Amino acid sequence: MSKKKKSIAALGAAIAEHEKINSTAPASAVQQLVEAFLSTNNEAKRAKRIAEVKSQCEGVNELLSQNSELLTAEVEQALIRAATGYTVTENTIKYVNGVKTVETRERHIAPSQAAIEFYLVNKKGEDYSKAGGGSGNADGALADILEALKNG
């Protein structure tokens, strides 16, 4: 392979890596954080997973620390999406000999049983409960998620 082709390939790889790192929007990061919270029962594993998501997603720490109302709304929306399922569009960017190609693929994320239970028990506690009593304590439960996300 010639020097020119190696340089073009290296440049393409660097651009692809930069786009990969910077492509995760805070809203997507909040979805990942909520799913990490719901899918992990062990506190240490939960904190580790939340820290991983926070380190991978640019702008999420700023969102977590400066926009509490927006964060609350994003967490509620993420919880609803997790409970009902959603579709993700993934773009794969490849550089071959300096030519950029984008492959778009849609993937459906199935509803989460944990998110459904969490939503029903905490938002409709008078009708649903895990223990039979129904606390209806949505604000406390949402506060637990928000606290874990901020400190995790």
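Residues numbered from 1 in each chain as written. Predicted model: local features only at pLDDT ≥ 70, side-chain atom pairs only at ≥ 80, totals over all residues. Heavy atoms only, no water.

Chemist: Could you give me a rundown of the overall build of the chain, with the residues and numbers involved?
Modeler: What the chain contains, in helices and strands, is 7 helices and 2 strands. Ordering the α and β elements of the chain from the N terminus gives α-α-α-α-α-β-β-α-α. For the chain, the proportion of its 152 residues judged to be buried stands at 26%. Sequence separation of 24 or more characterises 58% of the internal contacts of the chain that already satisfy a separation of 6 or more. If you sum the accessible surface of the chain, you get close to 9800 Å²; carbon and sulfur atoms cover 51% of it. (Helix = DSSP H or I, 4+ residues; strand = E, 2+ residues; numbered from the N terminus. Buried < 20%, exposed > 50% of the residue type's maximum accessible area, 1.4 Å probe, protein only. Contact = heavy atoms within 4.5 Å. Areas by Shrake-Rupley, 256 points an atom, 1.4 Å probe, with all protein chains shown as cover.)

Chemist: Explain the packing of aromatic side chains to me, using residue names and the numbers behind them.
Modeler: All told, the structure shown has 0 aromatic pairs when counted by the stated rule. The ring of F37 carries R46 above its face, with NZ or CZ at 4.1 Å from the centroid. (Phe/Tyr/Trp six-rings, centres within 6.5 Å; stacked < 30°, edge-to-face > 60°. Lys NZ or Arg CZ within 6 Å of the ring centre and 35° of its normal.)

Chemist: Please provide a residue-by-residue account of unusual backbone geometry, values included.
Modeler: Located in the positive-phi region is N97, a residue other than glycine, with phi close to 55°. Classification of N97 as exposed rests on a relative accessible area of 61%.

Chemist: Help me get a handle on the pairing of strand β1 (residues 86-96), residues and values and all.
Modeler: Across 11 bridges, β1 lies against strand β2 (residues 99-109) in antiparallel orientation. Residue pairing for β2: V96 is matched across the bridge by V99. Between β1 and β2, which follow one another and run antiparallel, lie 2 residues, and N97 among them has a positive phi close to 55°. (Pairing = 2+ DSSP bridges.)

Chemist: Tell me about the environment of L33, residues and numbers included.
Modeler: Within the element layout of this structure, L33 appears in helix α2 (residues 26-39). Separated by 20 residues in the primary sequence, L33 and V53 place their C-alpha atoms 6.6 Å from one another.

Chemist: Give me the packing of helix α5 (residues 68-84) against helix α6 (residues 113-123): which residues, what numbers.
Modeler: Between α5 and α6, the least distance of the axes is 8 Å, while the angle of their chain directions is 125°. Taken together, the axis directions place α5 and α6 in an arrangement best described as oblique. Seen from above, α5 lies across α6 with left-handed handedness. Facing α5, whose interface residues are E76, L79, I80, A82 and A83, α6 presents A115, I116, F118, Y119 and K123. Class assignment for the residues of the contact of α5 with α6 results in 8 nonpolar, no polar and 2 charged. (Axes fitted to C-alpha atoms, helices over the stretch in contact; angles between N-to-C directions. Parallel < 35°, antiparallel > 145°, perpendicular 65-115°, else oblique. Left-handed = near helix turned anticlockwise from the far one by under 90°. Nonpolar A, V, L, I, M, F, W, Y, C, P; charged D, E, K, R; others polar.)

Chemist: Tell me what's going on with the pattern of salt bridges, and back it up with residues and numbers.
Modeler: Scanning all chains against the criterion turns up 4 salt bridges. The partner of R49 in a salt bridge is E52, and the shortest N-O contact between them spans 3.3 Å. Taken together, the positions of R49 and E52, both in helix α3 (residues 43-56) and 3 residues apart, correspond to about one turn of that helix. Taking the relative accessible area as the measure of exposure, R49 reaches 30% and is therefore partly exposed. (Salt bridge = Lys/Arg side-chain N within 4 Å of Asp/Glu carboxyl O.)

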